[in-house]
Amino acid sequence: MSKLVIVESPAKAKNIKGYLGNGYEVIASMGHVRDLPAARLSVDIEHNFEPKYAVIKGKEALVDELKTKAHKADCVYLATDPDREGEAISWHLANLLGLKLDDKNRVTFNEITKSGVKNGMEHPRQIDIDLVNAQQARRILDRLIGYKLSPFVSQKIRRGLSAGRVQSVALRLVVDRENEIRAFKPEEYWTIDAKFTNPPERKSFAATMVQDKEGNKVGTDKNNIPSKEEADKMLADLENAEYVVTGVKKGTRKKNPAPPFITSTLQQEASRRLSFQARRTMKAAQELYEGVDVKDLGTVGLITYMRTDSLRISDEARSAGNDFIKQTYGEKYLPSTPRFYKTRGNAQDGHEAIRPSMPGVTPESVKDSLTSDQYKIYKLVWERFIASLMASCQQETMKVEITANGYVFTASGYTVKFDGFTALYEEKTDDAQKKDSESPLPPVAEGDVLKLKSILGNQHFTQPPARYTEASLTKALEENGVGRPSTYVTITSTILSKEYVVREGKQFVPTELGEAVTNLLKERIPNIVNVKYTSKMEDDLDKIDSGEKDYIDMIRLYYNDFVEPLEKAKKDMQGVKIKLKEEETDVVCEKCGRKMVVKVGRFGKFLACPGFPECKNAKPLITKTKAKCPLCGGDVIEKKTKRGTPFYGCSNYPECNFMTWDAPTDEVCPKCNKSLFRRKGNVLYCPDTEGCGFTKPAPKKK
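Bear in mind the structure is a predicted one, so any value in this text is a computation, not a measurement.

Calculation rules
Residues numbered from 1 in each chain as written. Predicted model: local features only at pLDDT ≥ 70, side-chain atom pairs only at ≥ 80, totals over all residues. Heavy atoms only, no water. Helix = DSSP H or I, 4+ residues; strand = E, 2+ residues; numbered from the N terminus. Buried < 20%, exposed > 50% of the residue type's maximum accessible area, 1.4 Å probe, protein only. Areas by Shrake-Rupley, 256 points an atom, 1.4 Å probe, with all protein chains shown as cover. Lys, Arg positive; Asp, Glu negative; His and termini not counted. Charge placed at Lys NZ, Arg CZ, Asp CG, Glu CD. Polar contact = N/O pair within 3.5 Å; in protein donor to acceptor, adjacent residues only side chain to side chain. Salt bridge = Lys/Arg side-chain N within 4 Å of Asp/Glu carboxyl O. UniProt positions renumbered as here; feature names shortened; annotations may be inferred. Contact = heavy atoms within 4.5 Å. Phe/Tyr/Trp six-rings, centres within 6.5 Å; stacked < 30°, edge-to-face > 60°. Pairing = 2+ DSSP bridges. Axes fitted to C-alpha atoms, helices over the stretch in contact; angles between N-to-C directions. Domains from an automatic or database assignment.

(A) The arrangement of the overall build of the protein chain in detail. Tallying secondary structure elements over the protein chain gives 17 helices and 29 strands in all. Overall, the protein chain is about 95 × 80 × 65 Å in size when its C-alpha atoms are taken along their principal axes. Buried residues in the protein chain amount to 47% of all 702 residues. Total accessible area computed for the protein chain in this model is approximately 36300 Å², and 48% of it derives from carbon and sulfur atoms. For the protein chain, the distance from the average position of its 113 positive side-chain charges to the average position of its 98 negative side-chain charges is 4 Å.

Below, the structure is given as structure tokens:
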């Protein structure tokens with residue numbers, strides 16, 4: 001019998017074919033083959049929101065090939081990804097290829113290994129129509145909201161804008177955080193910090209005042225020492241004081257490992273540890289899931305499916321992980337009872353957490369077979385999974401109370417009694433203040449008289465909340481139940497590409513445009529940017545998965561909630577246009593003498609005269625750098641490819657054809673005085689064509 005297996009990607013097709021062998025043909029659908037055409041709404045609102053699907057433009061030949069192969073095959077298996085999108089792709093393929101929806105022709109692979117593929121092929125099932133409907137409900141709602149709301153926003157602010165069910169909530173979070181920062185008023189406070197030794201011990205330790213001589217607590221409330229004058233009074237009181245240990249409290253505590261990764265936590269940890277943007281993380285994870293050619297192992301998928309919000313792990317994986325821990329670290333590094341992690345309530349539990357498909361395969365053993373990014377992500381996934389199975393870290397704690405002239409200081413510290421999982425891995429944190437600042441304390445006993453090394457009053461100011469980064473925004477969306485693992489990368493990419501936010505370092509800062517869009521939606525269509533409302537919508541859409549909710553009813557409910565305020569807003573705002581501040585430049589209009597401003601049109605930014613319509617002068621926007629052309633001495637300007645990738649060239653083009661992908665810098669060559677450029681490897685070099693050859697390491701970017 002000839003058997004046809006349809007997967008999503010060519011890499012996965014090649015690897016699965018290697019496991020299935022003769023009698024099987026494996027072909028890739030290249031993702032979705034059918035969708036709602038972009039040129040029109042493609043949803044019949046009057047007839048139960050019926051979608052009008054069509055073959056995606058450019059995939060007609062592929063669909064014809066799939067039809068031909070399916071017609072010739074004795075059996076067709078639909079092996080697309082094990083999630084809602086994958087289920088929907090299988091459903092679309094079944095419809096296009098004329099397959100029966102009640103046939104058991106749907107197979108899923110949680111991992112692309114020999115056993116994972118074999119297990120999937122041995123358990124075919126029918127297409128899960130509830131999962132399909134859950135995907136359809138999201139797709140249709142997103143289309144309705146996007147295609148109805150985006151033109152309204154564009155008309156009221158500027159052409160080419162977009163708004164959506166999830167992206168608009170994400171943008172609101174960023175804008176609201178910026179407003180909190182602006183409204184924040186820093187308040188001054190002081191702490192009294194001392195350093196002591198306990199002779200004959202030489203090593204000093206730090207302690208902080210926690211109580212004044214009247215018995216009032218200080219240090220825990222920022223207003224208790226409000227000024228330098230108050231701090232100086234306390235310091236004067238403590239001159240020549242004797243510092244006596246008046247209490248020593250010892251105890252033990254345990255620190256438990258973090259659970260294995262889900263999509264959002266993998267993106268967050270890769271951002272914190274590796275400074276990877278989410279798209280880069282998911283690209284490497286996708287490659288590791290689909291399969292890489294590993295020396296001595298062949299082509300194999302090294303991790304399980306990377307789009308998941310479940311913390312479940314299989315008994316087989318747990319056993320393999322425990323065996324590795326026992327052999328490598330010893331029995332004592334396993335907990336006395338197995339540790340199980342609870343998946344949050346609205347998570348989809350269709351497959352496992354992200355884990356190594358073969359826990360015994362260490363990152364170092366496959367390093368030479370992986371790209372740098374693949375290795376870093378595999379190491380992260382592997383260490384997190386193994387550590388999640390390990391015993392807790394046991395710490396002995398000590399808190400010391402020190403009294404002088406009625407003032408009380410405390411010092412806290414710990415020593416590690418048993419390292420447990422920390423022998424392998426510890427989770428990073430976004431908040432620097434949460435980092436463990438405790439350190440081991442010297443031996444002290446009640447009644448000991450300490451030697452004062454230093455005592456200072458230190459000024460502090462309360463800090464505003466931090467701006468969101470890609471990692472912390474993803475975390476906020478997840479905690480608020482907005483969006484799902486497969487959407488986080490798209491959400492952040494969209495608000496960046498639409499210039500609603502910009503990156504400053506790792507932080508997201510809303511632009512004036514982003515704030516205008518958010519304010520318009522908050523005022524006119526508040527539900528669409530309401531976090532709790534969107535979270536409830538997400539929960540209701542999740543209930544379609546299990547058949548608890550009808551997907552047509554859900555679409556109708558949320559469409560009506562949205563379209564009524566939209567129609568009212570259109571009526572109330574007829575003729576109203578929200579005007580943004582225009583960015584003025586130093587370029588003078590040669591026709592009327594005004595300073596030209598930056599505008600945005602269908603093809604991006606350009607320069608225009610602010611005197612329009614009297615003066616209609618416009619020209620391309622040229623971003624001039626501080627560098628000079630090494631060939632002719634002209635200005636080096638930034639240009640962009642059709643895909644938006646920046647490159648640099650001479651302003652005297654076409655007379656001068658200098659061009660480079662390397663970014664110009666403000667520095668000049670000490671040998672020939674020409675501008676230096678930065679190339680890959682973080683190196684500054686002189687591009688002088690006469691062979692200057694000067695290079696030096698580039699300073700680290702802040």
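(B) Representation of the side chain of Ser392 in the model. In this fold, Ser392 is placed in the loop between α12 (372–388) and β13 (393–404). Within polar-contact distance, the side chain of Ser392 engages the side chain of Asn256 at 2.5 Å. A distance of 3.1 Å separates the side chain of Ser392 from the side chain of Arg339, its partner in a polar contact.

(C) Seen up close, the pattern of salt bridges. Applying the stated criterion across every chain yields a total of 45 salt bridges. The closest approach of N and O atoms between Lys543 and Asp540, which form a salt bridge, is 4.0 Å. Pair noted here: Lys543 and Asp540 are both in helix α16 (residues 531–545), with a separation of three residues, about one helical turn. Residue classification places Lys543 among the partly exposed residues on the basis of a relative accessible area of 31%. The closest approach of N and O atoms between Lys619 and Glu590, which form a salt bridge, is 3.1 Å. On the criterion of sequence distance, the pair formed by Lys619 in strand β21 (residues 618–620) and Glu590 in the loop between β18 (583–588) and β19 (595–601) is long-range, its members being 29 residues apart. Looking at Lys619, the relative accessible area reads 25%, which means it is partly exposed.

(D) Summary view of the UniProt feature "site: Interaction with DNA" (unreviewed entry) in the protein chain. Those residues carrying the UniProt feature "site: Interaction with DNA" (unreviewed entry) are His32, Arg138, Arg139, Asp142, Tyr147 and Arg307 in this numbering. Spatial dispersion of the annotated residues is evident: they stretch over 276 residues in sequence, and the largest pairwise C-alpha distance comes to 27.1 Å. Along the chain, the position of Arg138 falls in helix α5 (residues 129–156). When neighbours within four sequence positions are excluded, Arg138 is seen to be in contact with Arg84, Arg165, Arg484, Glu538, Leu541 and Asp542. In this structure, Tyr147 sits in helix α5.

(E) Quick look at the packing of aromatic side chains. Enumeration according to the criterion identifies 15 aromatic pairs in this entry. For the ring pair Phe196 and Phe409, a centre distance of 6.2 Å and an interplane angle of 85 degrees mean the geometry is edge-to-face. Placement of the pair is Phe196 in strand β8 (residues 188–197) and Phe409 in strand β14 (residues 407–418), with a sequence separation of 213 residues. With a relative accessible area of 0%, Phe409 lands in the buried category. Each ring, one from Tyr243 and one from Phe409, has its centre 6.0 Å from the other, and the planes form 70 degrees; the classification is edge-to-face. Highlighted residues: Tyr243 in strand β10 (residues 243–255) and Phe409 in strand β14, separated in sequence by 166 residues. Of the two residues examined, Tyr243 and Phe409, each falls in the buried class. Grouping aromatic residues by their ring pairs yields a cluster made of Phe196, Phe205, Tyr243 and Phe409.

(F) Seen up close, the sheet that holds strand β28 (residues 683–685). An order of β26-β27-β28-β29 is seen for the four strands of this open sheet, with the pairing classed as antiparallel. Looking at the sheet topology across the chains shown, the edges are occupied by β26 (663–668) and β29 (695–697). Going across the sheet, the axis of each strand differs from the next one's by a mean of 35 degrees, ignoring polarity. Across three bridges, the pairing between β28 and β29 is antiparallel. Bridging from a neighbouring strand, Leu684 pairs with Lys696 of β29.

(G) Spatial organisation of the UniProt feature "domain: Toprim" (unreviewed entry) in the protein chain. UniProt tags residues 2–112 as "domain: Toprim" (unreviewed entry). Annotated as residues 2–112, this span is 34% helix and 20% strand, and its ends, taken at the C-alpha atoms, are 22 Å apart.

(H) Region of the structure containing the environment of Glu479. One can find Glu479 in helix α13 (residues 470–479). Separated by 135 residues in the primary sequence, Glu479 and Arg344 have C-alpha atoms spaced 9.8 Å apart.

(I) Spotlight on the sheet that holds β14. The six strands lie next to each other as β8-β9-β14-β13-β10-β15, forming a closed barrel whose pairing is antiparallel. For this sheet the average axis-to-axis angle between neighbouring strands, irrespective of direction, equals 35 degrees. The pairing of β13 with β14 spans 11 bridges and is classified as antiparallel. Its bridge partner lying in β14, Gln395 is registered against Val416.

(J) Geometry of the domain arrangement of the protein chain. If you check the domain split of the protein chain, you get domain 1 (3–127), domain 2 (136–183 + 466–573), domain 3 (188–247 + 398–411 + 440–461), domain 4 (263–389) and domain 5 (583–666). One C-alpha centre belongs to domain 2, the other to domain 5; they are set 34 Å apart.

(K) Seen up close, the pairing of strand β23 (residues 635–640). Relative to β23, strand β22 (residues 623–628) runs antiparallel, the two sharing three bridges. Across the sheet, residue Lys624 finds its bridge partner in β23, namely Ile637. As consecutive antiparallel partners, β22 and β23 are separated by six residues, and within that stretch Gly633 has a phi angle of approximately 85 degrees, a positive value. Here β23 runs beside strand β24 (residues 646–650); their pairing, made up of five bridges, is antiparallel. Residue pairing across strands places Lys640 opposite Pro646, the latter belonging to β24.

(L) Quick look at the pairing of strand β1 (residues 3–7). Within β1, four of the five residues are buried, which leaves the element mostly enclosed by the surrounding structure. Examined bridge by bridge, β1 and strand β7 (residues 75–78) share four bridges and lie parallel to one another. Bridging across to β7, Lys3 finds its partner in Cys75. Sheet topology places β1 next to strand β2 (residues 24–28); five bridges connect them, and they run parallel.

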